[in-house]
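Listed below are the residues making up each chain.
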Amino acid sequence: EALLTSYVCVRGSIPLYWSEAEAMVAFKPRPELGLAETHLQPLRMHMQALSERYGTIILLSLIERKDTSHEAPISVALDKALSATLAE
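What you see is a predicted model; the values in this text were computed from it and never measured.

1. Regarding the packing of helix H1 (residues 40–54) against helix H2 (residues 72–86)
Now for step 1: Taken N-terminus to C-terminus, the directions of H1 and H2 make an angle of 70°; their axes are 10 Å apart at the nearest point. With respect to each other, H1 and H2 are oriented roughly perpendicular. In the crossing of H1 with H2, the sense of the turn from one axis to the other is right-handed. On the side of H1, the interface is formed by Leu-40, Leu-43, Arg-44 and Met-47, while H2 contributes Leu-78, Ala-81, Leu-82, Ala-84 and Thr-85.
Now for step 2: A per-class count over the contact of H1 with H2 returns 7 nonpolar, 1 polar and 1 charged.

2. Here's the deal with the layout of surface pockets
Now for step 1: A volume near 1,200 Å³ is recorded for the largest pocket.
Now for step 2: As for the largest pocket, its lining consists of 31 residues, of which Val-10, Arg-11, Gly-12, Leu-59 and Leu-60 are closest to the centre.
Now for step 3: Counting only elements with at least two residues in the lining of the largest pocket, the list comes to H1 and H2.
Now for step 4: A per-element tally of the lining of the largest pocket places H1 first, with 5 residues.

3. Thoughts on a nonpolar patch on the surface
Now for step 1: Residues Val-8, Val-10 and Tyr-54 make up a contiguous nonpolar surface patch of about 280 Å² in total accessible area.
Now for step 2: Considering the arrangement of structural elements, one finds Tyr-54 in helix H1.

4. Looking at the nonpolar core
Now for step 1: Counting residues in hydrophobic clusters, the biggest one holds 10 residues: Ile-14, Leu-16, Leu-43, Met-47, Ile-63, Ile-74, Ala-77, Leu-78, Ala-81 and Leu-82.
Now for step 2: Ignoring any residue separated from it by four or fewer positions in sequence, one finds Ile-63 in contact with Ile-14, Glu-71, Ile-74, Ser-75 and Leu-78.

5. Some thoughts on the pattern of salt bridges
Now for step 1: On inspection of all chains with the given rule, the structure shows 1 salt bridge.
Now for step 2: With its nearest N and O atoms 2.6 Å apart, the salt bridge here joins Asp-79 to Arg-65. A residue pair is termed long-range when its members are at least 10 positions apart, and Asp-79 in helix H2 and Arg-65 in the loop between H1 and H2 qualify at 14 residues.
Now for step 3: The class for Asp-79 is partly exposed, based on a relative accessible area of 31%.
Now for step 4: Given the relative accessible area of 48%, Arg-65 is considered partly exposed.

6. Considering the confidence of the model for the protein
Interpretation of this model should avoid reading the predicted coordinates in detail wherever pLDDT is low.
Now for step 1: Averaged over the protein, the pLDDT score is 83; the fraction of residues at 70 or greater is 93%.
Now for step 2: Within the protein, no element has a lower average pLDDT than strand S1 (residues 18–19), which sits at 78, and none a higher one than H1, at 90.

Calculation rules
Residues numbered from 1 in each chain as written. Predicted model: local features only at pLDDT ≥ 70, side-chain atom pairs only at ≥ 80, totals over all residues. Heavy atoms only, no water. Axes fitted to C-alpha atoms, helices over the stretch in contact; angles between N-to-C directions. Helix = DSSP H or I, 4+ residues; strand = E, 2+ residues; numbered from the N terminus. Parallel < 35°, antiparallel > 145°, perpendicular 65-115°, else oblique. Left-handed = near helix turned anticlockwise from the far one by under 90°. Contact = heavy atoms within 4.5 Å. Nonpolar A, V, L, I, M, F, W, Y, C, P; charged D, E, K, R; others polar. 1 Å grid on protein atoms, 1.4 Å probe; cavity = no way out; pocket = protein on both sides within 12 Å on 5 of 7 lines; lining within 4 Å. Points joined across faces, edges and corners; volume = space filled by probe spheres on them. Patch = residues over 30% accessible without salt bridge, like charges linked within 9 Å, V, L, I, M, F, W, Y side chains within 5 Å. Areas by Shrake-Rupley, 256 points an atom, 1.4 Å probe, with all protein chains shown as cover. Salt bridge = Lys/Arg side-chain N within 4 Å of Asp/Glu carboxyl O. Core = buried A, V, L, I, M, F, W, Y, C linked by side-chain atoms within 4.5 Å. Buried < 20%, exposed > 50% of the residue type's maximum accessible area, 1.4 Å probe, protein only. pLDDT = per-residue confidence, 0-100.

As structure tokens, then:
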């Protein structure tokens, strides 16, 4: 009996409320995050949809995590939202 394994890589935007107002004038615009409590519902919905479609999911974040990075606030917000969602 053969054992087969496969994986699907899904790439997309971070499921939080954020924007880059300076995107037209700055090479690396600083993201502006929405209120923390607004992040949980879209994140839950996104994770549930992925889970229903693909089964077990593994997250790999490619967000720059250094404190000096323009992406650091998104990384922190995503970590907090994921921790809150997984704790439910």
